Amino acid sequence: MVWGNDAIKSEMNRLGKNPLNLEQFLVKYKETLHAQNYHALVAKYALSQIYGNAKGYHLSDLTDGIIERKIDICHELLEVADELAPGYTTLRGSLLYDLQATMVVQAKQEFNNGKITKQAVQETLTECMFHLIKCVAGAAQCTTQVSKGNAGAQYGKVIDRKVRELCVESDILPLDTPAFNIKENGYRAIIISGGPNSVYAEDAPRYDADIFRIGIPVLGICYGMQMMNKEFGGTVVRKDGREDGQFSVEVSKCLLFKGLDKMQTVLLTHGDSIEKIAENFRQIAHSGSFVAGICNEKLRLYGLQFHPEVDLTTNGKVMLRNFLFDVVGLTGNYTIQSRQAECIKYIKETVGSNKVLLLVSGGVDSTVCAALLHKALREDQVIALHIDNGFMRKNESARVEQSLQKIGLHLKVINAAYQFTEGTTIVPLDKREPNSRTRVTKMLCMTTDPEEKRKIIGDVFVKISDDIVAELNLKPEEVFLGQGTLRPDLIESASSLVSSKAETIKTHHNDSELVRKLRAEGRVVEPLKDFHKDEVRALGRELGLPTELVMRHPFPGPGLAIRVLCAEEPYMERDFSETQVLVKIMVEFDQMLQKKHALLNRVEGVTSDEERSELRKISSKQRLAATLLPIRSVGVQGDCRSYSYVAGISSEKDPDWDDMIFLARLIPRVCHNVNRVCYIFGGLVKESIPDLTPTYLTGNVLSTLRQADHLATQSYSGYSGVITQMPIILLPIHFDRDQAMRIPSCQRSVVLRPFCTQDFMTGVPAIPGKQIPVDVVSRMVVEVLTVPGISRVLYDLTSKPPGTTEWE
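Residues numbered from 1 in each chain as written. Predicted model: local features only at pLDDT ≥ 70, side-chain atom pairs only at ≥ 80, totals over all residues. Heavy atoms only, no water.

J.: Outline the overall build of the chain, supporting the account with residue identities and numerical values.
T.: Within the chain, the secondary structure is distributed over 26 helices and 24 strands. By the burial criterion, 59% of the 808 residues in the chain qualify as buried. Residue pairs in contact within the chain that sit at least 24 positions apart in sequence constitute 75% of those at least 6 positions apart. (Helix = DSSP H or I, 4+ residues; strand = E, 2+ residues; numbered from the N terminus. Buried < 20%, exposed > 50% of the residue type's maximum accessible area, 1.4 Å probe, protein only. Contact = heavy atoms within 4.5 Å.)

J.: Please set out the pattern of salt bridges residue by residue, giving values where relevant.
T.: For the structure shown, the criterion picks out 26 salt bridges. Notably, a salt bridge pairs Arg 213 with Glu 231, separated by 3.6 Å at the nearest N-O pair. Of the two residues, Arg 213 is situated in the loop between β3 (189-192) and β4 (218-221) and Glu 231 in helix α9 (residues 223-231); the sequence distance between them amounts to 18 residues. With a relative accessible area of 45%, Arg 213 lands in the partly exposed category. The exposure class of Glu 231 is partly exposed, given its relative accessible area of 24%. (Salt bridge = Lys/Arg side-chain N within 4 Å of Asp/Glu carboxyl O.)

J.: Requested: an account of the packing of aromatic side chains, with residues and values cited.
T.: As enumerated under the stated definition, the model contains 11 aromatic pairs in all. Judged by centre distance (6.4 Å) and plane angle (80 degrees), the ring pair of Phe 391 and Phe 420 falls under edge-to-face. With a gap of 29 residues between them, Phe 391 in the loop between β11 (382-388) and α13 (396-405) and Phe 420 in helix α14 (residues 417-421) connect regions that are remote in the sequence. The class for Phe 391 is buried, based on a relative accessible area of 0%. (Phe/Tyr/Trp six-rings, centres within 6.5 Å; stacked < 30°, edge-to-face > 60°.)

J.: Which residues make up the pairing of strand β10 (residues 355-359), and what are the values?
T.: The element β10 is largely enclosed, with a buried count of 4 among its 5 residues. As paired strands, β10 and strand β15 (residues 479-482) are joined by 4 bridges and run parallel to one another. Bridge pairing links Lys 355 to Val 479 in β15. Judged from the 4 bridges that link them, β10 and β11 form a sheet pairing that is parallel. (Pairing = 2+ DSSP bridges.)

J.: Can you lay out the confidence of the model for the chain for me, pointing to particular residues and giving the numbers?
T.: Summarising the model, the chain shows a mean pLDDT of 79, and 73% of its residues fall at 70 or more. Confidence over residues 1-62 falls short of pLDDT 50; this stretch has 116 contacts with residues more than four positions distant or in other chains. (pLDDT = per-residue confidence, 0-100.)

J.: Residue-level account of helix α24 (residues 657-670), with values.
T.: Over its 14 residues, α24 runs 20 Å from end to end, which matches the ideal 20 Å to within 8%, given 1.5 Å per residue. Burial of α24 is extensive: 11 of the 14 residues sit out of reach of the surface. The backbone nitrogen of Asp 658 has a side-chain oxygen 3.0 Å away, supplied by the residue at the start of α24, namely Asp 656. (Expected span 1.5 Å × (residues − 1). Polar contact = N/O pair within 3.5 Å; in protein donor to acceptor, adjacent residues only side chain to side chain.)

J.: Report on the packing of helix α12 (residues 364-376) against helix α18 (residues 533-542), specifying residues and quantitative values.
T.: One can describe the packing of α12 onto α18 by two numbers: an axis separation of 10 Å at closest approach and a directional angle of 40 degrees. The orientation of α12 with respect to α18, classified from their angle, is oblique. When the axes of α12 and α18 are compared, the crossing they make is left-handed. Between α12 and α18, the contacting residues are Val 364, Asp 365, Val 368 and Leu 372 on the first element and Lys 533, Val 536, Arg 537, Leu 539 and Gly 540 on the second. For the contact of α12 with α18, the residue count by class is 5 nonpolar, 1 polar and 3 charged. (Axes fitted to C-alpha atoms, helices over the stretch in contact; angles between N-to-C directions. Parallel < 35°, antiparallel > 145°, perpendicular 65-115°, else oblique. Left-handed = near helix turned anticlockwise from the far one by under 90°. Nonpolar A, V, L, I, M, F, W, Y, C, P; charged D, E, K, R; others polar.)

J.: Account for the sheet that holds strand β12 (residues 412-415), naming residues and giving values.
T.: With respect to topology, 5 strands assemble into an open sheet ordered β12-β11-β10-β15-β16, the strand pairing being parallel. Looking at the sheet topology across the chains shown, the edges are occupied by β12 and β16 (524-525). Most of the contacts of helix α15 (residues 450-471) go to β10, to which it runs at about 140 degrees, and overall it touches β10, β11, β12 and β15.

J.: Would you mind going over the nonpolar core in detail, with residue names and values included?
T.: Residues Phe 391, Phe 420, Leu 663, Ile 667, Leu 752, Met 780 and Tyr 795 are the most contacted members of the largest nonpolar core, which totals 88 residues. Apart from residues lying up to four places away in sequence, Leu 752 is in contact with Ala 712, Pro 727, Ile 728, Met 780, Val 781, Val 784, Val 793, Leu 794, Tyr 795 and Asp 796. In this structure, Leu 166, Val 168, Phe 306 and Val 328 belong to the second largest nonpolar core, which totals 33 residues. (Core = buried A, V, L, I, M, F, W, Y, C linked by side-chain atoms within 4.5 Å.)

J.: A description of α9 should follow, citing residues and the corresponding values.
T.: Of all 9 residues making up α9, 7 are buried, and the element is well covered by its neighbours. Within α9, burial applies to Tyr 223, Gly 224, Met 225, Gln 226, Met 227, Met 228 and Asn 229. Note on α9: the residue one or two positions beyond its end, Gly 233, has a positive phi of about 95 degrees.

J.: Describe the pairing of β12, listing the residues and the values that go with them.
T.: Of the strand pairs in this sheet, β11 and β12 are connected by 4 bridges, and their pairing is parallel. Bridged to His 386 within β12 is Val 413. Note that the unit made of β11, α13 and β12 has a crossover that is right-handed. (Right-handed = clockwise from strand over helix to strand, strands pointing away.)

J.: Break down the packing of helix α23 (residues 609-621) against α24 for me, with residues and values.
T.: The geometry of α23 relative to α24 is characterised by a closest axis approach of 11 Å and an angle of 130 degrees between their N-to-C directions. It follows that α23 is oblique to α24 by the angle criterion. Considering only the axes of α23 and α24, their crossing is left-handed. From α23, Glu 611, Glu 614, Leu 615, Ile 618 and Lys 621 reach across to α24, where they touch Asp 659, Phe 662, Leu 663, Leu 666 and Arg 669. Tallied by class, the residues present in the contact of α23 with α24 amount to 5 nonpolar, no polar and 5 charged.

J.: Which residues make up the environment of Ile 277, and what are the values?
T.: For Ile 277, the location among the structural elements is in the loop between β6 (263-276) and β7 (282-287). Taking relative accessible area as the criterion, Ile 277 reaches 26% and is therefore assigned partly exposed. Expressed as a C-alpha distance, the spacing of Ile 277 and Lys 230, which sit 47 residues apart in the sequence, is 8.6 Å. Non-local contacts of Ile 277, meaning those with residues more than four positions away in its chain, are made with Asn 229, Gly 234, Arg 282, Gln 283, Val 291 and Ile 294.

J.: Could you give an account of unusual backbone geometry, with specific residues and numbers?
T.: The step from Lys 800 to Pro 801 runs through a cis peptide bond, and the omega angle for that step is -10 degrees. Relative to the elements of secondary structure, Pro 801 occurs in the segment after β24 (790-796). Residue Pro 802 is bonded to the preceding Pro 801 through a cis peptide linkage, with omega at 10 degrees. By the secondary structure assignment, Pro 802 is in the segment after β24. Its identity as a non-glycine residue notwithstanding, Lys 596 has a phi of 55 degrees, on the positive side. Mapping Lys 596 onto the fold places it in the loop between α21 (589-595) and α22 (600-604).

J.: Report on the side chain of His 307, specifying residues and quantitative values.
T.: On the secondary structure map, His 307 appears in the loop between β9 (301-304) and α10 (316-327). Judged by its relative accessible area of 0%, His 307 falls in the buried class. A polar side-chain atom of His 307 sits 2.7 Å from a polar atom in the side chain of Glu 309.

J.: Give me the lowdown on the environment of Phe 681, citing residues and values where you can.
T.: Here Phe 681 is to be found in the loop between β19 (674-680) and α25 (699-715). Taking the C-alpha atoms as reference points, Phe 681 and Gly 648, separated by 33 residues in sequence, lie 9.9 Å from one another. For Phe 681, the residues in contact, after removing those within four places along its chain, are Trp 657, Val 777, Val 781, Arg 792, Val 793, Leu 794 and Tyr 795.

J.: So what's going on with the state of the cysteines? Residues and values would help.
T.: Tallying each qualifying case throughout the model produces 0 disulfides. Left without a disulfide partner, Cys 254 is nearest to the cysteine sulfur of Cys 295, which lies 5.3 Å away. Looking at Cys 295, the relative accessible area reads 1%, which means it is buried. (Disulfide = S-S within 2.5 Å.)

J.: Requested: an account of the environment of Leu 320, with residues and values cited.
T.: Structurally, Leu 320 is set in helix α10. A relative accessible area of 0% places Leu 320 in the buried class. Between the alpha carbons of Leu 320 and Ile 191 there is a distance of 9.8 Å; along the sequence they are 129 residues apart. Leaving out residues up to four positions away in the same chain, Leu 320 has contacts with Lys 162, Leu 166, Leu 219, Pro 308 and Glu 309.

Structure below.
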């Protein structure tokens, strides 16, 4: 911890009364600095240098030479404060004047003339040192530090990153960190993240209630707001309707919303809602009947039901800035000098004289990682390996090899398609109990479970890496596994490197059990694990990588394997029929009102008058049809993984894309067991989908998807700057089969997923006619339908959340 003002002054006064030398004070002070804090590390180094220069000089010594040395020491302290936080020591000039003219020179003269005692000179020098040490303390840690309590939110690290973008330092702490520790460590503000739990649940994260009563401003997000409300006597309930996705909220005048319009577009992700607002708090934002924000301005406590840290909250960064600068009073003086230098230092310290086996996919993450390793280490220390797992896009491996050769990186390319398709791994018998008995999975080419697919692929990558190490006659303990792992990968995999409480959304291949084992052994080097995608691209530009490599669309390590929805039979739980009816009611709302359908109240209970009016308008424009697909795709709702149905909407005429987006946002909110909505090209879907086309990772299936991906990607190549990513998904769905004729399901369908995002933790679909021209979308559809065996083409309209970028 960094000492507070009273502690520093008390210690300096104590030193002034005793003939202790400066060495003891500096040693004691520097040891109290937080060792994991970058600025504190700089301060420790600087104070050590000062201590070395000052060693042996006592506060009681007042010869001319010693006084001059004390002046030099005070100057050095000022320079440390300035180096840590430029502009922080705004009183530098007056401090220097007081130091030289008043506190030292005058004291020396008066002492020589016998006008003051040596004790008085000691006290003067002590006061001077107190002010300067306070400058270093403030610059090193106190002025810009924010504690972020993590309740298990998927967006926890995004909060940290957004705060850092505002030049304010932040640390991620467990939610149960004692309030006393937060106070003593000099934190100036607390931000509590969201989380998947209910505040009344038995397994709800524990916390120290005093964090709201220690005089430090608090911003509670989602679960954090509900904690705050409950703590001060309010109540929280789980309502029938939930909010997941972008919505408009109405905000009231307060410091948090300073300079913002009354209506704000935000990301809401929770089913719990405030029923009774806590005593002495007031509502500052609402979305229909949901309380979306509360505050107690006197205590400087603010709560938001939405996520200000993500891009889907349009003015979220302004809200965070208002909290940090206007509510808390921070100055925004924290800057990271060179993240590239930090990465290179980390690589050198981690690897030492050992070697690194780097798995290069050709995406921006592994390419930037390769460039960093190439810069930090000797050429013979880096073994760059590209493994063709059989799930690459058309001509992908050749392009990867050529592009990396241009930047001087020589790849060893291995064709390992057979090892992957025949690969297996070991998983727990009970998925809910990781420590239960284990079993061997089916071979990858016969596996339909998406989590098992990812785990098999991740583990086979590691096994092949081990084989390469053996072939090269290297000792395993002297070879590190290099990975371009990013922060979102770890967040979605619920890695302990990020949070002990986050919910697993999907297991990333670079965070499988074997990788976690190697990581625990200290054998993995991941220089980008604190970076998000846009930050990696910025780092790539700084490293001088070509634009085509830096801006290349992300392609997952497991490749096309996770873009094939493998299935043996349809997914139809007991709620399938009712969900199909609810989706049909929303899409055909005007007709259902006339029929007075029995389930209308289910829709009316969770929608506003304005939303129902819009539903009537949309459904009366042209004939629409809703089809619930008997498949599952991964999503995230309320910070938890959802693995639920996909709803399809088809139309008699060309669609109004604004209407389609409205329905895509509303349907998952009404039907919690639907997390993805697509538009189905090709006219009205008149037949239900009772079964599926059996689909596995076989050569024929992968060839079909590879060609569809190739044709679609070629069709939109000129719009890759606007669209951040465009997965092409193969579904085991055969449309337009007359059930009376009993035609078997033998075809498959393709989904286009043009996606726009900045942080890759949230995002929106590219809307035809806005982010991507309608004629380009039409051209993609026509091209994909030329691939043999394709039934229909769908267009994914789902934001993230409630959907994810990929379908598995």
